[in-house]
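Residue-level listing of the chains:
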Amino acid sequence: MVGEELVGLTPEMIEASQAGMKAIGAAIAVGSTGLASAAAEMAIGSAAVGATAENKDVFGLVLLLTVIPETIVIFGLVVALLLIF
Amino acid sequence: MVKFSAGPVPYVYVCTRMRVRKSKLIPREDYLRLLNMSIPEITRFIEETQYKKEIDELASSFHGIDLLELALSWNLAKEYQSIQDITPGVLKRFTQSYLRKWDIQNVLTIFRGKAQGMKTGKIREILVPGGELDKVFLDRLLKEDSLEKIVEALKGQSIYPVIAAGITTAIEEESFAKIENALYRQFYENLLSEATSGFKGGKQFLEYILLDIDMINIRNMFRLRADKLPEDASTIVIPGGRFSIQDFQDLISIEDEKSFIDALKSKVTLKPLLVLLDAMSGERSLREIEIDLIKVQLAQMESFSKMKPFSIHPILTYLEKKKYEIFNLRAIARGKEVHLPTDRIRGYLVI
């Protein structure tokens, strides 16, 4: 079946298709981890704003806690870069 | 137009603020230090905490116990108002419903104060305008010179029908206890209908209401037993909780203390309460029992707020704890004013 489907495709077309798949994989890696980071930061961010509203001294600490989920999207970015290059 | 939901964000925000505020409440060690201080020292101590603004504002017009009392009332009312401002959506609705308890307390304080001929300023000191009836409205009530006129001024408020129905008897009997019971029964009835009307988060609110009703009923049982007065349970018991009117009547009519505790234990399932009832001996005074019941309730509310961290529970837990902080500070101040021994004052504290 696979062989039959490939009949009529030139090597250039196959190469372009593989590049496209890689690009889709990279997009999924960055996109999904970005959404996951956003979901995590949503809760942490609102708690951070709440804590800062009551006690301004904790601003530095809660800022750090808020950006911790950024690591998820960084992993996604690394995977995307590995896929593309 | 697409409507976006903020999701859990407002809940997380307000519950975090409540947690931070709860962490700023006066800790146990400080109460023990306060017990050894005089009234000016206590005033200075609390001026260094969250009461600074109120103490500074009032210090030019009041001093001593009056300054302390008024600052505490103002602070509590301000806190209640500020919480109503920051709570979102349905949480605000539940919080406002819960705070209507203060309307009952304020109106009854005015009635009792007026009936006893107390000065307006003295009554105002102990009012906490945290509910629906604000400071301006309560001031209007205070200016009225007769109880009938106060009742007239309440026309249009949710508590008016109950008060209007009972005021004549209350004036004749010189006791507002019946009106008080009826108002609290109406209050809890309204809370129950609100919690079960299908709002999101109503289930958690219902948990709190049922706990509160049960604890009040248990406290009333102990009070009635201590007074040894034959009372009609149907006017006292708050329905909706674990105890029906019949259960309540049966329990208060048990004469033997041990049998009463055993019967009560068979009705409750709350673990800390069972532990408390197990440890109860005949030598405990009513005051000690009441304080222990409050502690059990606060511990249970704390555990609710840990189980459901983004619900109405953290807000209610903070509100209750703040209320008892004010009660504790008042108890210390009043105890010091009348030179009560430290141990005696300590017995009145919820710490």
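Residues numbered from 1 in each chain as written. Chains lettered and ligands numbered in written order. Predicted model: local features only at pLDDT ≥ 70, side-chain atom pairs only at ≥ 80, totals over all residues. Heavy atoms only, no water.

(A) Fine view of the overall build of chain B. Looking only at helices and strands, chain B has 20 helices and zero strands in total. Its C-alpha atoms give chain B a radius of gyration of 21 Å, within 12% of the compact-globule value 20 Å for 351 residues. Principal-axis analysis of the C-alpha atoms places the extent of chain B at approximately 60 × 55 × 45 Å. The 351 residues of chain B split such that 48% are buried. (Helix = DSSP H or I, 4+ residues; strand = E, 2+ residues; numbered from the N terminus. Rg over C-alpha atoms; globule rule 2.2 N^0.38 Å. Buried < 20%, exposed > 50% of the residue type's maximum accessible area, 1.4 Å probe, protein only.)

(B) Molecular detail of the overall build of chain A. On a plain count of helices and strands, chain A comes out with four helices and zero strands. Counting from the amino terminus, helix and strand elements in chain A follow one another as α-α-α-α. The C-alpha atoms of chain A give 21 Å as radius of gyration, which overshoots the globular expectation for 85 residues (12 Å, by more than 25%). Principal-axis analysis of the C-alpha atoms places the extent of chain A at approximately 70 × 20 × 15 Å. Counting every position in chain A, which comprises 85 residues, the buried fraction comes to 21%. Counted over contacts in chain A with a minimum sequence separation of 6, partners at least 24 positions apart contribute 70%. (Contact = heavy atoms within 4.5 Å.)

(C) Broad picture of the nonpolar core. Residue and element names in this part refer to chain B. Counting 111 residues, the largest nonpolar core has Phe-111, Leu-154, Phe-222 and Leu-273 as its most contacted members. The dominant element in this core, judged by the number of residues it contributes, is helix H13 (residues 202–227), at eleven residues. The residues contacting Phe-222, other than those within four sequence positions of it, are Glu-257, Phe-260, Ile-261, Leu-264, Leu-277, Met-280, Leu-286, Ile-289 and Leu-293. (Core = buried A, V, L, I, M, F, W, Y, C linked by side-chain atoms within 4.5 Å.)

(D) Structural detail: the packing of helix H3 (residues 39–47) of chain B against helix H19 (residues 313–337) of chain B. Residues and elements named next belong to chain B. Relative orientation of the contacting elements H3 and H19 amounts to 160 degrees, with a least axis distance of 10 Å. Put simply, H3 runs roughly antiparallel to H19. As H3 runs across H19, the sense of the crossing is left-handed. Residues Ile-39, Ile-42 and Ile-46 of H3 pack against Leu-329, Ile-332, Ala-333, Lys-336 and Glu-337 of H19. When grouped by side-chain class, the residues that make up the contact of H3 with H19 number six nonpolar, no polar and two charged. (Axes fitted to C-alpha atoms, helices over the stretch in contact; angles between N-to-C directions. Parallel < 35°, antiparallel > 145°, perpendicular 65-115°, else oblique. Left-handed = near helix turned anticlockwise from the far one by under 90°. Nonpolar A, V, L, I, M, F, W, Y, C, P; charged D, E, K, R; others polar.)

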